[in-house]
Every structure is written in C-alpha cells, then in structure tokens.
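# Descriptive analysis of the structure
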Amino acid sequence: MSVQEIKEKLATLPRKGQDEVIAFLFHLRHADDAEYQSNITRRLQDRNPSHWLSPDAFESELDKKESR
C-alpha cells in the first residue's frame, strides 16, 4: 500500500478514528526519543502546584497557540 493510498483511506475515517491514528503516530514519533521521554517523566513527577495550570488557564494557553 502506498502512502497516497493510506492518506486516502485516512481521509475517509470518522473524526474519532482519525484522532486515534494521530495519537498512534505521535506515539511512534516519540517512542524512541529519550530526551522527550525524560522531559515527560520530569513533568509528570513535578508536584509543585505553582508549576501547574488550572483547566481554564490550560484552555486559554491552548487557544493562544491555536490562533497563531
């Protein structure tokens, strides 16, 4: 199967299926990246509340990045 055929098939998937493929490809991209894994581990272990965002603050930051 060619890349073009894969793209055509992906275009026919419902949104949920496309989201699953995106998550899978993201996982593949970062699975062997030691620096990325280290960064994620460090963030997950950060227990300092001053480094956290509330859900509303997170949404606000996300909206800023999406509007760029």
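Criteria and cut-off values
Residues numbered from 1 in each chain as written. Predicted model: local features only at pLDDT ≥ 70, side-chain atom pairs only at ≥ 80, totals over all residues. Heavy atoms only, no water. 1 Å grid on protein atoms, 1.4 Å probe; cavity = no way out; pocket = protein on both sides within 12 Å on 5 of 7 lines; lining within 4 Å. Points joined across faces, edges and corners; volume = space filled by probe spheres on them. Nonpolar A, V, L, I, M, F, W, Y, C, P; charged D, E, K, R; others polar. Phe/Tyr/Trp six-rings, centres within 6.5 Å; stacked < 30°, edge-to-face > 60°. Helix = DSSP H or I, 4+ residues; strand = E, 2+ residues; numbered from the N terminus. Salt bridge = Lys/Arg side-chain N within 4 Å of Asp/Glu carboxyl O. Buried < 20%, exposed > 50% of the residue type's maximum accessible area, 1.4 Å probe, protein only.

### Considerations on the layout of surface pockets
- Space inside the largest pocket adds up to approximately 180 Å³.
- Along the walls of the largest pocket sit His51, Trp52, Leu53, Phe58, Glu61, Leu62 and Lys65, which together make up its complete lining.
- Residues of the lining of the largest pocket, tallied by class, amount to four nonpolar, one polar and two charged.

### A few points about the packing of aromatic side chains
- All chains considered together, the criterion is met by one aromatic pair.
- Between Phe26 and Tyr36, the ring centres sit 5.9 Å apart and the planes meet at 75°, which makes this aromatic pair edge-to-face. Of this pair, Phe26 sits in helix 2 (residues 15–30) while Tyr36 sits in helix 3 (residues 34–45), and the two are ten residues apart along the sequence.

### A look at the pattern of salt bridges
- Within this structure, the stated rule accounts for three salt bridges.
- Two residues, Arg15 and Asp19, come together in a salt bridge whose shortest N-O distance is 3.5 Å. Here Asp19 and Arg15 lie together in helix 2, a separation of four residues that amounts to about one turn.
- Its relative accessible area of 38% is what places Asp19 among the partly exposed residues.
- When the shortest N-O distance is used, the salt bridge between Glu61 and Lys64 registers 3.2 Å. You can see Glu61 and its partner Lys64 sitting in helix 4 (residues 55–66), three residues apart, about one turn around the helix.
- On the basis of relative accessibility, which here comes to 43%, the residue Lys64 falls in the partly exposed class.

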